[in-house]
Amino acid sequence: MRREQRQVFLLHLGTRQSIGPDDLRVIWATACESMDVRVSRRVQPGSSAEGGRPCYGLWVRRTFNRIAAEERLRAMLDARGFLFTLTPMPT
(Lines give C-alpha, C1' and ligand atoms only; values in the text may rest on other atoms or scores of the structure.)
Protein backbone atom coordinates (compact mmCIF):
# COMPACT_ATOMS: atom_id res chain seq x y z
CA MET A 1 0.00 0.00 0.00
CA ARG A 2 1.41 3.36 -1.02
CA ARG A 3 1.63 5.97 1.72
CA GLU A 4 0.22 9.38 0.95
CA GLN A 5 2.23 12.51 1.55
CA ARG A 6 1.38 14.45 4.68
CA GLN A 7 1.92 18.09 5.49
CA VAL A 8 4.41 18.37 8.33
CA PHE A 9 5.13 22.12 8.48
CA LEU A 10 3.49 25.40 7.56
CA LEU A 11 5.94 28.15 6.61
CA HIS A 12 5.19 31.89 6.69
CA LEU A 13 7.84 34.25 5.38
CA GLY A 14 8.30 37.84 6.47
CA THR A 15 6.31 40.66 4.95
CA ARG A 16 7.27 41.26 1.31
CA GLN A 17 9.36 38.09 1.22
CA SER A 18 8.69 35.25 -1.19
CA ILE A 19 10.34 32.12 -2.48
CA GLY A 20 9.79 30.20 -5.68
CA PRO A 21 8.44 26.66 -5.55
CA ASP A 22 11.55 25.10 -7.11
CA ASP A 23 13.88 26.85 -4.68
CA LEU A 24 11.72 25.94 -1.68
CA ARG A 25 11.47 22.33 -2.83
CA VAL A 26 15.27 22.05 -3.07
CA ILE A 27 15.66 23.51 0.43
CA TRP A 28 12.98 21.20 1.83
CA ALA A 29 14.39 18.10 0.06
CA THR A 30 17.86 18.93 1.41
CA ALA A 31 16.48 19.38 4.93
CA CYS A 32 14.65 16.03 4.72
CA GLU A 33 17.50 14.28 2.95
CA SER A 34 14.94 12.94 0.47
CA MET A 35 13.61 13.91 -2.94
CA ASP A 36 10.20 12.47 -2.02
CA VAL A 37 8.83 15.84 -0.86
CA ARG A 38 6.29 18.38 -2.07
CA VAL A 39 5.62 22.05 -1.37
CA SER A 40 2.40 23.99 -1.74
CA ARG A 41 1.50 27.66 -1.63
CA ARG A 42 -1.70 29.40 -0.73
CA VAL A 43 -2.62 32.98 0.07
CA GLN A 44 -4.32 33.84 3.31
CA PRO A 45 -6.98 36.43 2.49
CA GLY A 46 -6.87 39.77 4.23
CA SER A 47 -3.49 39.31 5.85
CA SER A 48 -1.76 42.21 4.07
CA ALA A 49 -2.51 45.38 2.15
CA GLU A 50 -1.74 43.60 -1.14
CA GLY A 51 -4.64 41.21 -0.64
CA GLY A 52 -3.02 38.33 1.16
CA ARG A 53 0.13 36.83 2.58
CA PRO A 54 1.36 33.53 1.16
CA CYS A 55 1.96 30.52 3.33
CA TYR A 56 3.79 27.41 2.22
CA GLY A 57 2.98 23.82 3.08
CA LEU A 58 5.88 21.39 3.38
CA TRP A 59 4.93 17.80 2.64
CA VAL A 60 6.75 14.47 2.92
CA ARG A 61 5.79 10.88 2.14
CA ARG A 62 8.30 8.71 3.91
CA THR A 63 9.43 8.52 7.50
CA PHE A 64 12.08 11.13 8.21
CA ASN A 65 13.91 12.65 11.17
CA ARG A 66 11.56 15.55 11.91
CA ILE A 67 13.82 17.27 14.47
CA ALA A 68 16.94 17.13 12.28
CA ALA A 69 14.97 18.23 9.19
CA GLU A 70 13.52 21.20 11.08
CA GLU A 71 16.97 22.25 12.33
CA ARG A 72 18.45 22.06 8.82
CA LEU A 73 15.47 23.89 7.31
CA ARG A 74 15.69 26.71 9.86
CA ALA A 75 19.45 27.05 9.30
CA MET A 76 19.05 27.23 5.50
CA LEU A 77 16.25 29.80 5.69
CA ASP A 78 18.27 31.88 8.20
CA ALA A 79 21.35 31.72 5.95
CA ARG A 80 19.29 33.15 3.07
CA GLY A 81 18.10 36.04 5.21
CA PHE A 82 14.46 35.03 5.51
CA LEU A 83 12.34 36.15 8.42
CA PHE A 84 9.89 33.32 9.02
CA THR A 85 7.69 31.32 11.30
CA LEU A 86 7.64 27.55 10.96
CA THR A 87 4.63 25.79 12.46
CA PRO A 88 4.67 22.01 12.96
CA MET A 89 1.48 20.31 11.84
CA PRO A 90 -0.05 17.65 14.09
CA THR A 91 0.93 14.11 13.16
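Residues numbered from 1 in each chain as written. Predicted model: local features only at pLDDT ≥ 70, side-chain atom pairs only at ≥ 80, totals over all residues. Heavy atoms only, no water.

Engineer: Before we move on, can you summarise the nonpolar core with the specific residues and values?
Structural biologist: Judged by nonpolar contacts, the single largest core of 23 residues is most densely connected at L11, W28, L58 and L73. Among the elements of the structure, β1 (6-13), α1 (21-32), β2 (37-45), β3 (52-60), α2 (66-79) and β4 (84-88) are those that each provide at least two residues to this core. No other element matches α1, which puts six residues into this core. The contacts of W28, once residues within four sequence positions are left out, are V8, F9, V37, R38, V39, L58, W59, V60, F64 and L73. (Core = buried A, V, L, I, M, F, W, Y, C linked by side-chain atoms within 4.5 Å. Buried < 20%, exposed > 50% of the residue type's maximum accessible area, 1.4 Å probe, protein only. Helix = DSSP H or I, 4+ residues; strand = E, 2+ residues; numbered from the N terminus. Contact = heavy atoms within 4.5 Å.)

Engineer: So what's going on with the packing of aromatic side chains? Residues and values would help.
Structural biologist: Under the defined criterion, the tally for this structure stands at two aromatic pairs. With a centroid separation of 5.8 Å and an interplanar angle of 90 degrees, the aromatic rings of F9 and W28 are classed as edge-to-face. A residue pair is termed long-range when its members are at least 10 positions apart, and F9 in strand β1 and W28 in helix α1 qualify at 19 residues. The same class applies to F9 as to W28, namely buried. Plain terms: the ring middles of W28 and F64 are 6.1 Å apart, the flat faces sit at 80 degrees to each other, and that makes the pair edge-to-face. With W28 in helix α1 and F64 in the loop between β3 and α2, this pair connects stretches of sequence that are 36 residues apart. The burial state of W28 is the same as that of F64; both residues are buried. One aromatic cluster is present, formed by F9, W28 and F64 through successive ring pairs. (Phe/Tyr/Trp six-rings, centres within 6.5 Å; stacked < 30°, edge-to-face > 60°.)

Engineer: Give a description of the pattern of salt bridges that names residues and reports values.
Structural biologist: Per the counting criterion, the structure on display carries four salt bridges. Here D23 and R80 are joined by a salt bridge, their closest N and O atoms 2.6 Å apart. Here the residue D23 occupies a position in helix α1, and R80 occupies one in the loop between α2 and β4, the gap between them amounting to 57 residues. Under the relative-accessibility criterion, R80 is labelled partly exposed at 45%. With a closest N to O distance of 3.7 Å, E33 and R72 form a salt bridge. Taken together, the residues span a long stretch of sequence, with E33 in the loop between α1 and β2 and R72 in helix α2 at a distance of 39 residues. Overall, the relative accessible area of 59% leaves E33 in the exposed class. On the basis of relative accessibility, which here comes to 27%, the residue R72 falls in the partly exposed class. (Salt bridge = Lys/Arg side-chain N within 4 Å of Asp/Glu carboxyl O.)

Engineer: Outline the pairing of β1, supporting the account with residue identities and numerical values.
Structural biologist: Along a regular strand, successive side chains alternate from one face of the sheet to the other. Taking burial as the measure, the eight residues of β1 include seven buried ones, the bulk of the element. Note: β1 against β4, five bridges, orientation antiparallel. Bridge assignment links L11 to a residue of β4, and that residue is L86. (Pairing = 2+ DSSP bridges.)

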